[in-house]
Every structure is written in structure tokens, then in C-alpha cells.
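Chain residues, written in single-letter form:
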Amino acid sequence: MQFSKDTRLNPTHISLYIALFQVWNNNYFKDEFYMSREEVMSYAKIGSKTTYHRCIRELSDWSYLLYMPTHNPFKGSRVKMFNFGTSNEQVLDPCCTKIETSSGQALVSINKQIQTIENKKNINKPENFRNLNTKDFKTKDKPAEVVPYQDNLKTRSDKNYNEPL
């Protein structure tokens, strides 16, 4: 919401801010975090160091974040992100309350089962299995018959138990 009102921002600023937000998220939203320029440039799809430094400096100057650069290549720069319009309560969409369709969050039971056509069918019923004995493989013209409660492991009486496995 804050970005949409600020005419100074261009897509590069927004992309850089979102990349920094991702790094902030990866750091569990700590007050301050260290970041690598290469990593943030990669996230933001910024190819020029000049563009990166200009945009991050402008975001810091415009109070979207606090950027504390380091000149040590082995230590990342420090960044502090700000919370904009945060509260401890859930924010309700004002357009829904104006037309009196909602005054709060709808609660739905977590145990509610959704009935659909697909889950009413049981495709694993025994009558859906085909008889896969050796006689059906010898006669390719004859279609396999549906035999209820037939297992498909071919454990029939014509098996020779004297043969080694």
C-alpha cells in the first residue's frame, strides 16, 4: 500500500525491496540482519552494481529501510527493515464491511469433510480387479474377466512348490 502512493519508486526499487524482504524472512525477521550484495542482486534480478547501490541508498534515504554499508568484502552490509502498518489484530478488508457482508473472519471447522464425486467412488473395489492368471496370457483374443476377490499375485493351485525361487 505504501509503495503504490510513492511516485519516486520504480520497479527496480520494488524488486530490491522484495529481495531484501526475502532475506529478512530467511533471517526470521530479526531487527537487523547482514546480507550479501550478490545474493540480493540475484534475488532482485539487478545486473548492475551502480543500479543496486543507487536503489538501496534511495530506499534508505526515503525511510523504507536502514542501510548500513560495510567496506569489508568478507562481512555483509547491515540492514534494518521497518514494519509498516502492523498490528496485533487481523486486518479486515474495508470494502467488505461497507456493504455489510462481513464484520469479521468466518470460522470453518477443521474437521469438515468435503464430499465430491471422486471420493464417493472406490476404484479399489475387488470387482475392478482383473483375473491375471496364465490362461488369459495365452489367449490374447479373449479379454480378461472380472473376478471378485481374486488376488493378483497369481497364487493358484497349479504352482509347482518344488521349484526353487
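Before reading further, recall that the structure is shown in the block above.
Along each chain, residue indices are assigned from 1 in the same order as the chain's sequence is written. A pLDDT threshold of at least 70 governs which residues receive local features in this predicted model, and a stricter bar of 80 or more applies before side-chain atom pairs are shown or counted, although totals over entire chains, interfaces and linings include all residues. Think of the side-chain values as coming from all heavy atoms in the structure, minus any hydrogens and water.

Examining the environment of Phe74
Here a helix means four or more residues in a row that DSSP labels H or I, a strand means two or more in a row labelled E, and each is numbered from the N terminus. Within the element layout of this structure, Phe74 appears in the loop between strand S2 (65-68) and strand S3 (77-81). Partly exposed describes any residue whose relative accessible area lies between the buried limit of under 20% and the exposed limit of over 50%, with all areas from a 1.4 Å probe on protein chains only and scaled to the type maximum. With a relative accessible area of 79%, Phe74 lands in the exposed category. Each C-alpha atom of the pair Phe74 and Ser36 lies 9.4 Å from the other, and the pair is 38 residues apart in sequence.

Quick notes on helix H3 (residues 37-44)
Residue pairs three or four apart in sequence face the same way in an α-helix, which turns once every 3.6 residues. Those residues of H3 that fall on the buried side of the exposure criterion are Val40, Met41 and Ala44. Seen from one end, H3 has its buried residues packed into an arc of 100°, which puts them on one side. For H3, the secondary structure elements touched by its buried residues are helix H2 (11-26), strand S1 (32-35) and helix H4 (49-61). Residue Lys45 follows H3 closely and has a positive phi angle near 60°. The directions from the helix axis to the C-beta atoms form the arc being described. Contact definition: two residues touch when any of their heavy atoms are within 4.5 Å.

Digging into the nonpolar core
In globular proteins that are soluble, nonpolar side chains generally tend to be buried together. Judged by nonpolar contacts, the single largest core of 22 residues is most densely connected at Leu16, Met35, Tyr52 and Leu65. Looking at this core, the elements with two or more residues in it are H2, S1, H3, H4, S2 and S3. The nonpolar core is taken to be a set of buried Ala, Val, Leu, Ile, Met, Phe, Trp, Tyr and Cys residues, with the residues joined through side-chain atoms within 4.5 Å.

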